[in-house]
Amino acid sequence: MQSFSQDLTSRKVDAELSQLLQALAQISAQISHDVRRGALAGILGATESENVQGETQKKLDVIANDLIKDGLAKLDLVKGIASEEEDDVVALNPNGRFLVSFDPLDGSSNIDINSLVGTIFSILPAPEGELTQDSFLQPGRQQLAAGYVLYGPSSLMAISTGKGTQLYTLDPISGDFLLIDDAMQIPATTQEFAINMSNQRFWEPAMQNYIADLLKGDTGVRGKNFNMRWIAAMVGDVHRVLSRGGIFTYPTDTKNPAKPYKLRLMYEANPMALLVEQAGGLASTGYQDILDIQPEGIHQRVAVVLGSRDEVTECLKYHG
Ligand SMILES: O=P(O)(O)OC[C@H]1O[C@](O)(COP(=O)(O)O)[C@@H](O)[C@@H]1O
Ligand SMILES: [Mg+2]
Ligand SMILES: [Mg+2]
């Protein structure tokens, strides 16, 4: 099996981008090690602080954030970072070629129940001049690379540098990620959907009608039965979609009018959209391809509908 670094070389990935991706892989291996030790590594439970989005930070949110921030600071390649757990952008090397946005720990509510969590990241080219939030506000199509690491029964890493989506598994003995799928492909059709059904009454009519037709199964217009899954960690739900197909959505809702969307564009939706598109799937807000959105803020939230091409297309018909 090829190691991650061998695979990047054989794909002719730019040497510095490759170095940055390998650093992210190494840091993730460290996070994986801490996740695996659980209570023994002192990672469980909450801190006394909140992030800029008003969410209580879990200890592992902060530990993972600091591991990534400190690891990237050592590299000299990164001009700045934007993280779910940092209010503002953090400047690193003024001459760095890259910007990295990341969700250090996705699925925070799963940590204390020993369920799936992961890390999601997105790499953009660094514009000239002083680093500000504006430096990051580039549409997702500009991403040079994106990936996630899923800390599950085994730790897996999915990466795209814009030429397909590759999957690697962590060998916990050597600490290396090894290539296990060099071209992930999402089946175009599916009978599986993922949505937080408890928000049903708050969705807009388009989503209400689409899900209602899935629930009618072979007695309704879809003429087939659907199964439902919800891991409550986007990284786990998207990994399932990449592995065996499906549709995953966190749609617009009116539960909290000040917060109509849940998922963050820069470090959740954009990187996942690149991985999904590069594996033959679609990623939309319901009205626009996620990768075409012109971002307006580093912590901006968006509606997300992604997965199997034909099923996402079906869902988009309801949106008009
Ligand atoms: O609590 P809900 O409504 O099930 O939401 C789950 C969603 O929230 C998230 O956990 C948000 O991510 P964070 O844990 O990084 O804040 C997504 O990964 C997931 O899809
Ligand atoms: Mg998240
Ligand atoms: Mg998070």
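Residues numbered from 1 in each chain as written. Chains lettered and ligands numbered in written order. Predicted model: local features only at pLDDT ≥ 70, side-chain atom pairs only at ≥ 80, totals over all residues.

- Going by what an unreviewed UniProt entry lists, the protein chain is known as Fructose-1,6-bisphosphatase class 1 and is assigned to Paraferrimonas sedimenticola.
- Turning to the protein chain, the UniProt annotation filed under Subunit (unreviewed entry) states: "Homotetramer."
- Taken directly from UniProt, the Catalytic activity (unreviewed entry) text for the protein chain runs: "beta-D-fructose 1,6-bisphosphate + H2O = beta-D-fructose 6-phosphate + phosphate". (UniProt positions renumbered as here; feature names shortened; annotations may be inferred.)

Topic: the UniProt feature "binding site: Mg(2+) 2" (unreviewed entry) in the protein chain
Logical step 1: Within the UniProt annotation, "binding site: Mg(2+) 2" (unreviewed entry) is assigned to Asp-103, Asp-106 and Glu-268. Spanning 166 residues, the named residues form one tight spatial group whose C-alpha atoms are at most 8.5 Å apart.
Logical step 2: Tracing the backbone shows Asp-103 in strand E5 (residues 98-106).
Logical step 3: Beyond its immediate stretch of four places on either side in the chain, Asp-103 contacts Glu-84, Thr-119, Ile-120, Arg-264, Tyr-267 and Glu-268.
Logical step 4: Secondary-structure assignment places Asp-106 in strand E5.
Logical step 5: In this structure Asp-106 comes out as buried when scored by C-beta crowding, with 29 C-beta atoms within 10 Å. (Helix = DSSP H or I, 4+ residues; strand = E, 2+ residues; numbered from the N terminus. Contact = placed C-beta atoms within 7 Å. Buried ≥ 20, exposed ≤ 12 C-beta atoms within 10 Å, placed from the backbone.)

Examining the site of ligand 1
Logical step 1: Taken together, the residues surrounding ligand 1 are Glu-84, Asp-103, Asp-106, Gly-107, Ser-108, Ser-109, Asn-196, Ala-232, Ala-233, Met-234, Tyr-250 and Lys-262.
Logical step 2: Grouping the amino acids of the shell around ligand 1 by side-chain chemistry returns four nonpolar, four polar and four charged.
Logical step 3: Residue-level mapping places the shell around ligand 1 at the junction of two domains, with at least three residues from each of domain 1 (4-181) and domain 2 (192-319). (Near = placed C-beta within 6 Å. Nonpolar A, V, L, I, M, F, W, Y, C, P; charged D, E, K, R; others polar. Domains from an automatic or database assignment.)

Let's talk about the pairing of strand E13 (residues 247-250)
Logical step 1: Neither face of E13 is left uncovered, since the one carrying Ile-247 and Thr-249 and the one carrying Phe-248 and Tyr-250 both have all their residues buried.
Logical step 2: Of the pairings in the sheet, the one linking strand E11 (residues 192-194) to E13 comprises two bridges and is parallel in character. By the bridge assignment, Phe-193 is partnered in E13 with Ile-247.
Logical step 3: When E13 meets strand E17 (residues 304-307), the two strands line up antiparallel, connected through four bridges. Bridging from a neighbouring strand, Thr-249 pairs with Val-305 of E17. (Pairing = 2+ DSSP bridges.)

Things to note about the nonpolar core
Logical step 1: Within the largest apolar cluster, 92 residues are counted, with the highest numbers of intra-cluster contacts made by Val-100, Ile-123, Ala-158, Leu-242, Met-272, Val-276 and Leu-306.
Logical step 2: Broken down by element, the residue count for this core peaks at nine residues, all from helix H6 (residues 265-278).
Logical step 3: Looking at which domains feed residues into this core, each of domain 1 (4-181) and domain 2 (192-319) supplies at least three.
Logical step 4: Non-local contacts of Val-100, meaning those with residues more than four positions away in its chain, are made with Leu-72, Val-78, Ile-81, Phe-121 and Ile-123. (Core = buried A, V, L, I, M, F, W, Y, C linked by C-beta atoms within 7 Å.)

Points about the confidence of the model for the protein chain
Logical step 1: On average, residues of the protein chain carry a pLDDT of 96, and 100% of them reach 70 or more.
Logical step 2: Mean pLDDT across the secondary structure elements of the protein chain bottoms out at strand E1 (residues 46-50), with 78, and peaks at H6, with 99. (pLDDT = per-residue confidence, 0-100.)

Section: the sheet that holds strand E6 (residues 117-125)
Logical step 1: The eight strands are arranged E4-E3-E5-E6-E7-E8-E9-E10 in an open sheet whose pairing can be described as mixed. The open sheet terminates on both sides in strands that have one partner only, identified here as strand E4 (90-91) and strand E10 (177-181).
Logical step 2: By the bridge criterion, five bridges tie strand E3 (residues 78-83) to E5 in an arrangement that is parallel. Within the sheet, the bridge partner assigned to Ala-82 lies in E5 and is Ser-101.
Logical step 3: This element, helix H3 (residues 59-73), spans E3, E4, E5 and E6 of the sheet and lies at about 160 degrees to E5. (Axes fitted to C-alpha atoms, helices over the stretch in contact; angles between N-to-C directions.)

Remarks on the packing of helix H5 (residues 234-244) against H6
Logical step 1: Orientation of H5 relative to H6, taken along the N-to-C sense of each, is 10 degrees, at an axis distance of 11 Å. What the angle tells us is that H5 and H6 run roughly parallel. Where H5 abuts H6, its residues Met-234, Val-238 and Leu-242 lie against Glu-268, Met-272, Leu-275 and Val-276.
Logical step 2: Residues that form the contact of H5 with H6 fall into these classes: six nonpolar, no polar and one charged. (Parallel < 35°, antiparallel > 145°, perpendicular 65-115°, else oblique.)

Some points on the environment of Ser-5
Logical step 1: As for its placement among the helices and strands, Ser-5 is situated in helix H1 (residues 4-10).
Logical step 2: Separated by 14 residues in the primary sequence, Ser-5 and Gln-19 place their C-alpha atoms 8.5 Å from one another.

Structural notes on the packing of helix H4 (residues 205-216) against helix H7 (residues 309-319)
Logical step 1: Close contact between H4 and H7 brings their axes to 8 Å; oriented N to C, the two are set at 135 degrees. Taken together, H4 and H7 sit at an angle that is classed as oblique. At the point where H4 passes H7, the crossing takes the right-handed sense. Across from Ala-206, Asn-209 and Tyr-210 in H4, the residues of H7 making contact are Cys-315, Tyr-318 and His-319.
Logical step 2: A breakdown of the residues in the contact of H4 with H7 according to their chemical character gives four nonpolar, two polar and no charged. (Left-handed = near helix turned anticlockwise from the far one by under 90°.)

Things to note about H3
Logical step 1: Across its 15 residues, H3 extends 21 Å between first and last C-alpha, which sits within 8% of the 21 Å expected from 1.5 Å per residue.
Logical step 2: Turning to H3, its buried residues number three or more, namely Leu-60, Asp-61, Ile-63, Ala-64, Asn-65, Ile-68, Lys-69 and Leu-72.
Logical step 3: Residues of H3 that are buried sit in contact with helix H2 (15-37), strand E2 (56-58), E3, E4, E5 and E6. (Expected span 1.5 Å × (residues − 1).)

Side note on the domain arrangement of the protein chain
Logical step 1: As assigned here, the protein chain comprises domain 1 (4-181) and domain 2 (192-319).
Logical step 2: Each of domain 1 and domain 2 has a C-alpha centre, and these two points are 23 Å apart.
Logical step 3: Taken together, the contact between domain 1 and domain 2 spans 35 residues of the former and 30 residues of the latter.
Logical step 4: Here the element with the most residues in the side of domain 1 that touches domain 2 is E6; it accounts for five residues.

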